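Coordinate inspection notes
One letter stands for each residue in the lines below.
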Amino acid sequence: NMLTPTLSIVISTIEKNFENFVKNFQFGKLKNADEVIIIVQGAGKLVHYSELASFNVIVEKRYGLSLSRNIGIENSSSDFIWFLDDDVYLFDYSIDKIKDHLNRNPSFDLHTIRMECHDNTPYKKYSNKTRFGRFDALKVSSVELIASKKFIKEHNVRFNENLGLGSNYPSTEENIFYLDIFDKGGLVSHYPEFLIRHEYINRKAIHFKDEFILKAKGAFCRRYGGLVGFMILGYYSLKCLFISKNFLIMLNLFFGYVNAQTIIGLDDE
């Protein structure tokens, strides 16, 4: 099959951000996508915007970023899905470059890209490998992920709705999504191009002081499994103590590790 893979862009937003999103998002940069799905959460009735007339706008009363991403998966009709947020900045070439990359790398099931800050500096330290392994699950952001619809459907991989913004444990959903794909035999490519821009948020300061995010991180370590999962837990614990200076806050990591079954419903694979 020599056809260029098709690409769906799935954008998550919520009712209170919706007007801002319509005003500020560069919809023109999406013109080469095969399909654009916009999920608006918490909305009753939406004002109809002509800018969005050519897109599939789905209104969902329930909240949760993982739920929103999963609705995108269920409604997508393309070969690949790129998960975006309502506040990202795209470049004119972003979609063309991704489609070209998908075309040249047909054997991969998950592709990761790079993101930069508004001052053109890399958002994080990126690896120079073009093929990612299991450990790389630690560093991905969901807006950097482009997943094969066929693979995630066949292997029943979804974003865990107990995790992510709008849920009880607002973190690590994309890391576990990555691990689920990898552990089911998915091949992960890293395309070392900066195709998206996002305002820099110093998450470390926030993440290592929030008990529910720490519980999610602990559960992720358990899901990672084995000695390495336990070592990541140790690393997070030291980092948490250093940032929060609070032993009791740090214990949330261990709580998450021990209670991973309840938090993320671990499959006993």
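The structure reproduced in this document is the subject of the present report. (Residues numbered from 1 in each chain as written. Predicted model: local features only at pLDDT ≥ 70, side-chain atom pairs only at ≥ 80, totals over all residues. Heavy atoms only, no water.)

1. Considering the side chain of E173
Counting through the fold element by element, E173 comes out in helix α5 (residues 173–183). Within the buried core, E173 has no salt-bridge partner, and the shortest N-O distance to an opposite charge, that of R69, equals 5.3 Å. Residues within four places of E173 in sequence aside, it is in contact with L65, S66, F159, N160, L163 and G164. (Helix = DSSP H or I, 4+ residues; strand = E, 2+ residues; numbered from the N terminus. Buried < 20%, exposed > 50% of the residue type's maximum accessible area, 1.4 Å probe, protein only. Lys, Arg positive; Asp, Glu negative; His and termini not counted. Salt bridge = Lys/Arg side-chain N within 4 Å of Asp/Glu carboxyl O. Contact = heavy atoms within 4.5 Å.)

2. What about the pairing of strand β4 (residues 80–85)?
For β4, the tally of buried residues reaches 6 of 6 residues, placing the bulk of the element in the interior. Residues F80, W82 and L84 of β4 are buried on one face, and the alternating residues I81, F83 and D85, pointing to the opposite face, are buried as well. When strand β1 (residues 7–14) meets β4, the two strands line up parallel, connected through 6 bridges. Each residue of the ladder has a partner; that of S12, found in β4, is D85. The pairing of β4 with strand β8 (residues 145–148) spans 3 bridges and is classified as antiparallel. Paired with W82 across the bridge in β8 is I146. (Pairing = 2+ DSSP bridges.)

3. Observations regarding the packing of aromatic side chains
The relative placement of two aromatic rings is captured by the distance of their centres and the angle of their planes. The final tally for this structure, using the stated rule, is 18 aromatic pairs. Centroid distance F83 to F177: 5.8 Å. Interplanar angle 85°. Geometry classified as edge-to-face. With F83 in strand β4 and F177 in helix α5, this residue pair connects regions lying 94 residues apart in the sequence. As far as the burial class goes, F83 and F177 line up, both buried. A connected cluster of aromatic rings, assembled from ring pairs, spans F18, F21, F25, F27 and F55. If you follow R134 out to its NZ or CZ, it ends over the ring of Y224, 4.3 Å from the centre. One Lys or Arg, K245, reaches over the ring of F242 and ends 5.0 Å from the middle of that ring. (Phe/Tyr/Trp six-rings, centres within 6.5 Å; stacked < 30°, edge-to-face > 60°. Lys NZ or Arg CZ within 6 Å of the ring centre and 35° of its normal.)

4. What to know about the packing of helix α8 (residues 226–244) against helix α9 (residues 247–258)
One can describe the packing of α8 onto α9 by two numbers: an axis separation of 8 Å at closest approach and a directional angle of 160°. As the angle between them shows, α8 and α9 are arranged roughly antiparallel. As α8 packs across α9, the resulting crossing turns out to be right-handed. Within the contact between the two elements, α8 uses G229, F230, L233, Y236, S237, C240, L241 and S244 and α9 uses F247, I249, M250, L253, F254 and Y257. Residue classes in the contact of α8 with α9 are distributed as 11 nonpolar, 3 polar and no charged. (Axes fitted to C-alpha atoms, helices over the stretch in contact; angles between N-to-C directions. Parallel < 35°, antiparallel > 145°, perpendicular 65-115°, else oblique. Left-handed = near helix turned anticlockwise from the far one by under 90°. Nonpolar A, V, L, I, M, F, W, Y, C, P; charged D, E, K, R; others polar.)

5. Some words on helix α2 (residues 65–75)
Counting buried residues in α2 gives 9 out of 11 residues, a clear majority hidden from the surface. When α2 is considered as a whole, its buried residues turn out to be L65, S66, L67, S68, R69, N70, I71, G72 and I73. On its buried face, α2 sits against β1, β2 (35–41), β3 (56–60), β4, α4 (149–154) and α5.

6. Section: the pattern of salt bridges
Tallying each qualifying case throughout the model produces 16 salt bridges. We note a salt bridge from E144 to K124, for which the minimum N-O separation is 2.9 Å. Within this pair, whereas E144 is found in the loop between β7 (131–132) and β8, its partner K124 is found in the loop between β6 (110–116) and β7, the two being separated by 20 residues in sequence. Of the two residues, E144 and K124, neither departs from the other in class, the shared state being buried. Within the structure, one salt-bridge network assembled from shared partners comprises R134, D180, D183 and R223.

7. Considerations on the environment of G166
Structurally, the position occupied by G166 is in the loop between α4 and α5. Along the sequence, G166 and S66 sit 100 residues apart, while their C-alpha atoms lie 8.4 Å from each other. Beyond its immediate sequence surroundings of up to four residues, G166 is in contact with Y63 and G64.

8. So, the packing of helix α7 (residues 211–224) against α9
In the contact formed by α7 and α9, the axes pass within 6 Å of each other and the chain directions differ by 40°. Between α7 and α9, the angle falls in the class oblique. α7 and α9 meet at a crossing whose hand is right-handed. Along the contact surface, α7 presents E211, L214, K215, K217, G218, A219, C221 and R222, while α9 presents I249, N252, L253, F255, G256, Y257 and V258.

9. Concerning the pairing of β8
What you see with β8 is no split at all: L145 and A147 on one side and I146 and S148 on the other are buried throughout. Note that β6 and β8 share 3 bridges and pair antiparallel. Bridging across to β8, T112 finds its partner in L145.

Everything listed is a geometric property; what it means functionally is a separate question.
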